[in-house]
Amino acid sequence: MLFALEFPPVSHLLEWPDILFGGTPFAINKPVLIFFAAFVLTLALFFAAGKKKLVPSGAQNVAESAVNFIEDSVIMQTMGRDGMVYLPFLLTLFFFVLFCNIFEVLPFIQFPATSRMAIPAFLAIMVWVIYNFVGLKNHGLRYFKNVMIPPGVPAPLLPLVALIEFVSTFFVRPFSLAVRLFANMLAGHLLLVTFAVLTATLWDSSPLFAIVWAPFVVLIGLTGFEILVALLQAFIFTILTAVYIGGAAHPEH
Amino acid sequence: MTLSTVLAQTEPGEFLDGLKAIGAGLGYGLAAIGPGIGIGLVVGNAITAMARQPEAAGMVRTTMFLGIAFTEALALIGFVVFILINFA
């Protein structure tokens, strides 16, 4: 090997030693701390924005534009006016996922809590419970009929379509919801690590070497790209939640 | 050096690891083809729609992100399989 490039094993990038309560089920490590930080930040944003002033400033500005954004481009596009009751839930979900993601690019932390499967899986299960609850509450047992028998399917195809719809609604949806967030953040994290390792290795071998700038420039560009991905994934998670809840509440006729 | 001499010189585990790496790389590459074309189609058509009807841009954009999310899931599952084969 020319520069003796050593890529750290993936377990070093994703598994962190316990900081507190090691060995117990309540062990706290870095992803858990980030999780708590995201929780506190979400809460703090809502409290900071709660002091209503006529001319908004600071946190209230952020919160008001976020409410507008979720209202216009998530709820009105997927559920319509009736969906406004879910605004607090979707807003909290959006900010929580966003804060969990954005730690990916914050200097000295640089780890997205959502790149461990636990948090996306938990959020996806929560969304699964909520949309099924909404469907059952609004339609009772007819909810299963709504899910499994889409309108306008020819009779011979019905058993196959019903099976596919059942599996896709109750199993594939939460799975893909969790995997989408998890895999995006994991891929982004690995990408940043790859270019950071490349930059560091080239720097060690010869700081004056001209090519050392190439991976560094790419690293900076990718950091910007990852900020976009963090925002986009939070948005997509929220909008898919809205689509699932809307679909359960108002099935197609 | 023929294939049989190469096989005779490698440990069985080593050979298996090599096959795993090849399979993982090929698997991810193949999983990325379809979604790549799919996302191209989705975004391209969304841009056409936005150019034709700029007043519907908001609705088109939301639907576009939905389409991207569903299409992209296949590539991401390929990526997860890659990670699982290589590191798990």
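Here the structure is shown first, and the text comes after it.
Residues numbered from 1 in each chain as written. Chains lettered and ligands numbered in written order. Predicted model: local features only at pLDDT ≥ 70, side-chain atom pairs only at ≥ 80, totals over all residues. Heavy atoms only, no water.

A.B. asks: Even after reading the chapter, I still don't get the overall build of chain A, so can you show me in this structure?
C.D. replies: Scanning chain A from N- to C-terminus turns up eight helices and zero strands. Counted from the first residue to the last, chain A has its helices and strands arranged as α-α-α-α-α-α-α-α. Its C-alpha atoms give chain A principal-axis dimensions of about 70 × 55 × 40 Å. Taking all 253 residues of chain A together, the buried fraction comes to 40%. The long-range share in chain A, meaning contacts at least 24 apart out of those at least 6 apart in sequence, stands at 69%. Approximately 13,800 Å² of chain A is accessible, and the part contributed by carbon and sulfur atoms is 75%. Positive and negative charge centroids in chain A, built from 11 and 12 side chains respectively, lie 13 Å apart. (Helix = DSSP H or I, 4+ residues; strand = E, 2+ residues; numbered from the N terminus. Buried < 20%, exposed > 50% of the residue type's maximum accessible area, 1.4 Å probe, protein only. Contact = heavy atoms within 4.5 Å. Areas by Shrake-Rupley, 256 points an atom, 1.4 Å probe, with all protein chains shown as cover. Lys, Arg positive; Asp, Glu negative; His and termini not counted. Charge placed at Lys NZ, Arg CZ, Asp CG, Glu CD.)

A.B. asks: I'm lost on the interface of chain B and chain A in this one. Help?
C.D. replies: Where interface size is given, it is often the accessible area lost as the parts come together that is meant. At the interface, 15 residues of chain B touch 20 residues of chain A. Buried surface at the junction of chain B and chain A, both sides included, amounts to about 1,500 Å², of which 83% is carbon and sulfur. Counting every contact that joins chain B to chain A gives zero salt bridges. Taken together, the connections running from chain B to chain A amount to one residue pair in polar contact (both at pLDDT 80 or more). Here the residues of the side of chain B that touches chain A are counted per class, giving 12 nonpolar, two polar and one charged. (Buried area = accessible area lost by both parts, 1.4 Å probe. Salt bridge = Lys/Arg side-chain N within 4 Å of Asp/Glu carboxyl O. Polar contact = N/O pair within 3.5 Å; in protein donor to acceptor, adjacent residues only side chain to side chain. Nonpolar A, V, L, I, M, F, W, Y, C, P; charged D, E, K, R; others polar.)

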